[in-house]
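Descriptive structure summary
Each chain, written out:
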There are 2 protein chains.
Amino acid sequence: MPIFAAPVRDQQFLLEDVLDIHRYSNLPGFADVQGDVLGAILSEGAKFAENVLAPINRIGDIEGCKRNPDASVTTPKGFKEAYRQFADNGWAGISADPTYGGQGLPHVVALAISEMSSAANMAFSMYPGLTRGAAEAIYAGGSDAQKQQYLPNMFSGKWAGTMNLTEPQCGTDLGLIKTKAVPQADGTYKISGQKIWISGGEQDLTENIIHLVLARIEGGPEGIKGISLFIVPKYLVNDDGSLGARNALECGGLEHKMGIHGNATCVMHYEGATGYLVGEPHKGMRTMFVMMNEARLGVGMQGLAQAEIAYQNAVAFAKDRLQSRAVTGAKRPDLPADPILVHPDVRRMLMDTRAFKEGARAFAFWTALYADLLHRSPDEAVRQKADDYLALMTPVVKAFLTDRGLKAVSDSLQVFGGSGYVEEWGMSQFMRDARIALIYEGTNGIQALDLVGRKLAANGGRAVFTFFNEVEDFIGESNADPALKPFIEGLRTAKDRLQQATNWLMQNGLSNFENAAASSSDYLQLFGLTALTYMWAMMAKAAQAKAPTGDDFYGNKLKTGRYFLDRVLPETALYLTKVETGAEAMMALDLEAF
Amino acid sequence: MPIFAAPVRDQQFLLEDVLDIHRYSNLPGFADVQGDVLGAILSEGAKFAENVLAPINRIGDIEGCKRNPDASVTTPKGFKEAYRQFADNGWAGISADPTYGGQGLPHVVALAISEMSSAANMAFSMYPGLTRGAAEAIYAGGSDAQKQQYLPNMFSGKWAGTMNLTEPQCGTDLGLIKTKAVPQADGTYKISGQKIWISGGEQDLTENIIHLVLARIEGGPEGIKGISLFIVPKYLVNDDGSLGARNALECGGLEHKMGIHGNATCVMHYEGATGYLVGEPHKGMRTMFVMMNEARLGVGMQGLAQAEIAYQNAVAFAKDRLQSRAVTGAKRPDLPADPILVHPDVRRMLMDTRAFKEGARAFAFWTALYADLLHRSPDEAVRQKADDYLALMTPVVKAFLTDRGLKAVSDSLQVFGGSGYVEEWGMSQFMRDARIALIYEGTNGIQALDLVGRKLAANGGRAVFTFFNEVEDFIGESNADPALKPFIEGLRTAKDRLQQATNWLMQNGLSNFENAAASSSDYLQLFGLTALTYMWAMMAKAAQAKAPTGDDFYGNKLKTGRYFLDRVLPETALYLTKVETGAEAMMALDLEAF
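Residues numbered from 1 in each chain as written. Chains lettered and ligands numbered in written order. Predicted model: local features only at pLDDT ≥ 70, side-chain atom pairs only at ≥ 80, totals over all residues. Heavy atoms only, no water.

This part takes up a nonpolar patch on the surface. Residue and element names in this part refer to chain A. Together, F465, M506 and L510 line one region of the surface with nonpolar side chains, adding up to about 280 Å² of accessible area. Structurally, M506 is set in helix α14 (residues 485–508). Note on M506: relative accessible area 32%, which makes it partly exposed. (Patch = residues over 30% accessible without salt bridge, like charges linked within 9 Å, V, L, I, M, F, W, Y side chains within 5 Å. Areas by Shrake-Rupley, 256 points an atom, 1.4 Å probe, with all protein chains shown as cover. Salt bridge = Lys/Arg side-chain N within 4 Å of Asp/Glu carboxyl O. Helix = DSSP H or I, 4+ residues; strand = E, 2+ residues; numbered from the N terminus. Buried < 20%, exposed > 50% of the residue type's maximum accessible area, 1.4 Å probe, protein only.)

Listed below in structure tokens is the structure:
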């Protein structure tokens, strides 16, 4: 069975030494993670992920979910018990508002916990992940009454939540939604239509499921401007909070998927189900985006998490598997052959993954901290910067971490040779599970379009210019330290290339948006690489400061960072070149030529 | 169900216009494919792949193979009937020596046919693929009596063949083999041991299975120098050719794999089975390499083939799926949205795959033609060059085409969005099937080590220098044609970078082999990119010559080539940079740091 040890040490290094979250002890929730408390929380999360979630990951893959003749869904063996522990231990509302029963801890700490769960069992973790997203949307857009009615039970894990966007004819293009909402005399709506690919649309883990559904109010505007958001509970909720009648909705079937078998991906039929409007009519997209942004950070984290567990197993295999001798001479003459970890090409795959995952974790945490600042800082300038950064970085975190995460999982599988292809070793599941993360919550191509088409240009480019200035400031502050020189030089290189690409987009993409669209994915890669270079520079600085402790952790951090500079950073040149090719060659073939 | 149309037009363009195989009509077999015959053969192969193999591909994935209580194996529904047609139509021995009942057609034509089969049904095609490899080994290393006894029935498809190398403790490092061979008084051997991951080790398709088994003759030298090769038939063969007693071997179990479910991957138990030595004692590796080289070209082709079928399905989906409007304005205002093929980022994924697969096909065919020249040319200089090239290019074809093939399949899956992740659409199977090709017949890392550690240096680098000279000659000949200018410039760039990397390896890898090993995979990528640039230059030249026909095929070929130059060729700079980083950062961490 695959091994898993939650990366607590690395997480704590990031939270305390790199991001120094203790400096925010004046913000709500941050005071609760001072001193040893942070370590204790992370270590509880680790225990749960390692001992409860990881052991049922493969069972979930093999058994999958079953839809029963009565349209109920049975999750894999052990999921129900694990979910009960999850809820009982209070993990569901760890960073949620205490007004509604949440624990109010920092969002970035919650993300660290969800990284662990996601690595240990991605399919399981999607149930609470979606619930968190749905609750965030109600929190952001719902009325006080709705918040009081739904949030406490969602933050306690008693009820779950889902997002219902996709229909057979519409995925990315939500303007094509057909599901309709008919206003009733009592102010509710009757929701009718079919939704597909609804993660956790039905399950046997929670007493109730709060579906958030995008639908079109009869007579409203065409296209995306006529989309409203509704709360459509599986069981209606009485005024006293008890469960009422079963609503007119059901799971019509489950998808057969490449991976995440333990998560029920449902076709949902709404047949005049009672729904409650969230926020204003026809403004559903605004609230839905709150939910999607939260979810997109989480999906980026899934890419990283699968890379983490795949890496750990590849390392264990590479230490154990004896095959051939080191090119520099036998390292273990006492054994029939050396462990394959001595071979440079095996190192290459492991170091690529290690340099990625450590940088990616920093990037995800650094971004998530802005979610805390946005919602909790009393300083408007801080909140604005946080808002800018969250908007700008979210598509990069989502797409870059899932693209590279999949590559890292595939490389880790490759370390196993033939065993990597055999299901019992678990690597195939990690790869099959990781594959979805490039697709859902907006494909990675859509993330790239969001980045160049919306986020870059917003407020005259304020967010990206703030980022460039921040990097310049960091370079200026750290330039004097000779130990950091290669990191600072690398950061200068990456930042210059990203800036050049940004200028190219402004000059060539605004006048001809086909150029911007053609270059968007390469620009996003360049952005991700630059962000990771910045993270590595920050981590190097923190590790350098701790070097006198003599703890190998810091020396190894610096060596891994050097690997990133030598062997990953050069990709920035490639992506700059690609950005600057524009649309011409890409669009040269006629439609008929395909 | 996934669609598939065999790429006959592109294959014929390569064979006739680019490689001009008709100029070899003086060589055995080539005279038989003159005029319309080539097209007729390809079109028969296409029919078989499209109508017989493709329809049972998904059935094979879903059903998989079953091992019965009596240790027999049942292949998926339809495989038996398809195999009978395959044998009856004479596909098994299409390029084999007519002396033993083969049809003697060029190897490169056989490869074109096997590309089609492999695209349509990779799991099925492995059964005859392994048989071909085993037969080649007997042909190369067996006695006349052995050839007469086994080859006719293998070339007719009546019997199958397998390769038995791997054991639980040894994959790459075959010196660790434990399976033993005990000499008997009658000149035969008793073979005992366990072999794993034996593709087609047991099945219900053929009357007999001829296992080629690597084993150690008792008392022979330790390590790789004590390995001998044996023919170990499932049923012993009487002198009159009829089947005799069941041999003491059986399938002990089937692996549960990520993909290629339709192929039975067997644990094989040999329990004093009768075996016949092939060639000399302790020299088994030499003959086994004949088989592996043949197989490695075939595996490279699998990477390309899965890219081809995945691309075709992605294109069909992208034409059919309506979502959002083109950034340049609605292309199909009559429809609720435009087909997603209009979107640049969708184009990017399709064009990446198209530029790869067309170049890769040329590279595989160009290499395979040297197998024909090696075995059939009367001119020793031609045979030597062919031998050099085959040795040099085989690891590149294997690793480059499977690495990039997987990427291409994953990109094609991505075009489908969520549907790509749903098994019914077939894209998941293509990706799961394609994943094995990076591993078997020597992992891609081993291919890279073979390239830099063995193939480059052989005969003082004669092969690679011949290649550089050939490219220079081509540049010299084509320089004058202004229409080819970008291709010639691109080729010059790629070739210079590959030459620089080769020089770096000679200067830094010979004295410190850790440097060579550390850079091997990046060098292989650079080599593959350079080879594809050369292929694109040759294809552009051929297409340019046909441009006056006005056939769009040629214009589209040139446009696709331009895409390759603009957006793929720049990767050569990245890989050169990576090659030149050497081993330092890669090996900086202590073993204990992992």
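Listed per partner, the contact involves 85 residues of chain B and 85 residues of chain A. The contact between chain B and chain A buries some 7700 Å² in all, and 62% of this surface belongs to carbon and sulfur atoms. Among the residues of chain B in contact with chain A, Y421(B), R567(B) and F594(B) are the three that bury the most area, contributing 12% of the side total. Where R567(B) meets D522(A), a salt bridge forms, and the shortest distance between an N and an O atom there is 2.8 Å. For the interface between chain B and chain A, the tally reads 46 residue pairs in polar contact (both at pLDDT 80 or more). Elements that contribute at least two residues to the side of chain B that touches chain A include exactly α8 (284–320), α9 (344–376), α10 (380–415), α11 (427–435), α12 (444–455), α15 (513–546), α16 (552–567) and α17 (571–579) of chain B. In terms of residue class, the side of chain B that touches chain A is built from 39 nonpolar, 23 polar and 23 charged. (Contact = heavy atoms within 4.5 Å. Buried area = accessible area lost by both parts, 1.4 Å probe. Polar contact = N/O pair within 3.5 Å; in protein donor to acceptor, adjacent residues only side chain to side chain. Nonpolar A, V, L, I, M, F, W, Y, C, P; charged D, E, K, R; others polar.)

Here we come to the environment of L350(A). Examined against the element boundaries, L350(A) turns out to sit in helix α9 (residues 344–376). The class of L350(A) is buried, set by a relative accessible area of 1%. Residues L350(A) and I309(A), spaced 41 residues apart in sequence, show a C-alpha to C-alpha distance of 12 Å. Setting aside residues no more than four positions away along its own chain, L350(A) makes contact with Y311(A), A314(A), V315(A), A318(A), L341(A), V415(A) and F594(B).

A word on the side chain of K495(B). All names here are of chain B. Within the fold, K495 resides in helix α14 (residues 485–508). Here Q499 takes part through its side chain, which lies 2.6 Å from a polar atom of the side chain of K495. Contact partners of K495, with chain neighbours within four places excluded, come to F468, V471, E472 and T530.

Attention now moves to the pattern of salt bridges. All names here are of chain B. All chains considered together, the criterion is met by 60 salt bridges over all chains. The partner of D61 in a salt bridge is R432, and the shortest N-O contact between them spans 2.7 Å. Taken as a pair, D61 in helix α3 (residues 57–63) and R432 in helix α11 lie far apart in primary sequence, 371 residues in all. Taking relative accessible area as the criterion, D61 reaches 8% and is therefore assigned buried. The exposure class of R432 is buried, given its relative accessible area of 4%. Here E472 ties to K495 by a salt bridge, and the two come within 2.6 Å at their closest N and O atoms. Placement of E472 in helix α13 (residues 458–478) and of K495 in helix α14 is noted, with a sequence separation of 23 residues between them. With relative accessibility at 26%, the residue E472 sits in the partly exposed group. Look at K495 and you get buried, because its relative accessible area is 5%.

All names here are of chain B. Running from N to C, α9 and α15 point in directions that differ by 90 degrees, and their axes come no closer than 9 Å. The angle between α9 and α15 falls in the class roughly perpendicular. Contacts from A355, F356, E358, G359, A360, A362, F363 and W366 of α9 reach α15 at A531, L532, Y534, M535, W536, M538 and M539. Partitioning the contact of α9 with α15 into residue classes produces 13 nonpolar, 1 polar and 1 charged. (Axes fitted to C-alpha atoms, helices over the stretch in contact; angles between N-to-C directions. Parallel < 35°, antiparallel > 145°, perpendicular 65-115°, else oblique.)

Here the focus is the nonpolar core. One finds W366(A), Y523(A), W366(B) and Y523(B) to be the most contacted residues of the largest nonpolar core, which totals 431 residues. Discounting residues that sit within four places of it in the chain, Y523(A) has contacts with L451(A), V452(A), L456(A), V464(A), L498(A), A501(A), T502(A), L505(A) and V579(A). (Core = buried A, V, L, I, M, F, W, Y, C linked by side-chain atoms within 4.5 Å.)

Residue and element names in this part refer to chain B. Here V397 shows up in helix α10. The exposure class of V397 is buried, given its relative accessible area of 0%. Placed 97 residues apart in sequence, V397 and G300 show a C-alpha to C-alpha distance of 5.4 Å. Not counting residues within four places of it along the chain, the set of residues in contact with V397 comprises L297, G300, F363, T367 and T402.

Moving on, we get to the packing of aromatic side chains. Going through the model one piece at a time under the given rule, you end up with 58 aromatic pairs over all chains. Here F416(A) and W425(A) contribute two aromatic rings whose centre-to-centre distance is 5.7 Å and whose plane-to-plane angle is 65 degrees, an arrangement assigned as edge-to-face. What makes F416(A) buried here is its relative accessible area of 4%. Their ring planes at 80 degrees and their centres at 5.5 Å tell us that F474(B) and Y534(B) sit as a pair that is edge-to-face. (Phe/Tyr/Trp six-rings, centres within 6.5 Å; stacked < 30°, edge-to-face > 60°.)

Now for unusual backbone geometry. Only a minority of non-glycine residues have a phi that is not negative, and only a minority of peptide bonds are not trans. All names here are of chain A. The residue I260 is not glycine, and still its phi comes out positive at about 35 degrees. Take I260: it is sitting in the loop between β10 (249–254) and β11 (265–278). Its relative accessible area of 3% is what places I260 among the buried residues.

Here the focus is the relation of the copies chain B and chain A. Mapping chain B onto chain A calls for a rotation angle of 180 degrees and an axial translation of 0.0 Å; the resulting RMSD is 0.0 Å. Between the two chains, the operation in question is that of a two-fold axis. For chain B, the smallest separation between a C-alpha atom and the rotation axis is recorded for L574(B), amounting to 3.2 Å. A share of 100% of interface residues in chain B that are also interface residues in chain A marks the association as one of identical surfaces. (Least-squares fit on C-alpha atoms with pLDDT ≥ 70 in both.)

Tracing the backbone through its elements, the reader meets H211(B) in strand β6 (residues 208–217). There is a polar contact of 2.7 Å between the side chain of H211(B) and the side chain of T162(B).

Before going further, it helps to spend a moment on α16(B). Since the α-helix turns once every 3.6 residues, residues separated by three or four places project in the same direction. For α16(B), with 16 residues, the first-to-last C-alpha span of 22 Å sits near the 22 Å given by 1.5 Å per residue. Along α16(B), the positions that sit buried rather than exposed are F553(B), Y554(B), N556(B), K557(B), L558(B), T560(B), G561(B), Y563(B), F564(B), L565(B) and R567(B). Buried-residue contacts for α16(B) involve α15 (513–546) and α17 (571–579) of chain A together with α1 (8–18), α9, α14 and α15 of chain B. For α16(B), the capping residue at the N-terminal end is D551(B), with a side-chain oxygen 2.9 Å from the backbone nitrogen of F553(B). (Expected span 1.5 Å × (residues − 1).)

Limitation: the analysis is restricted to geometry and does not speak to function.
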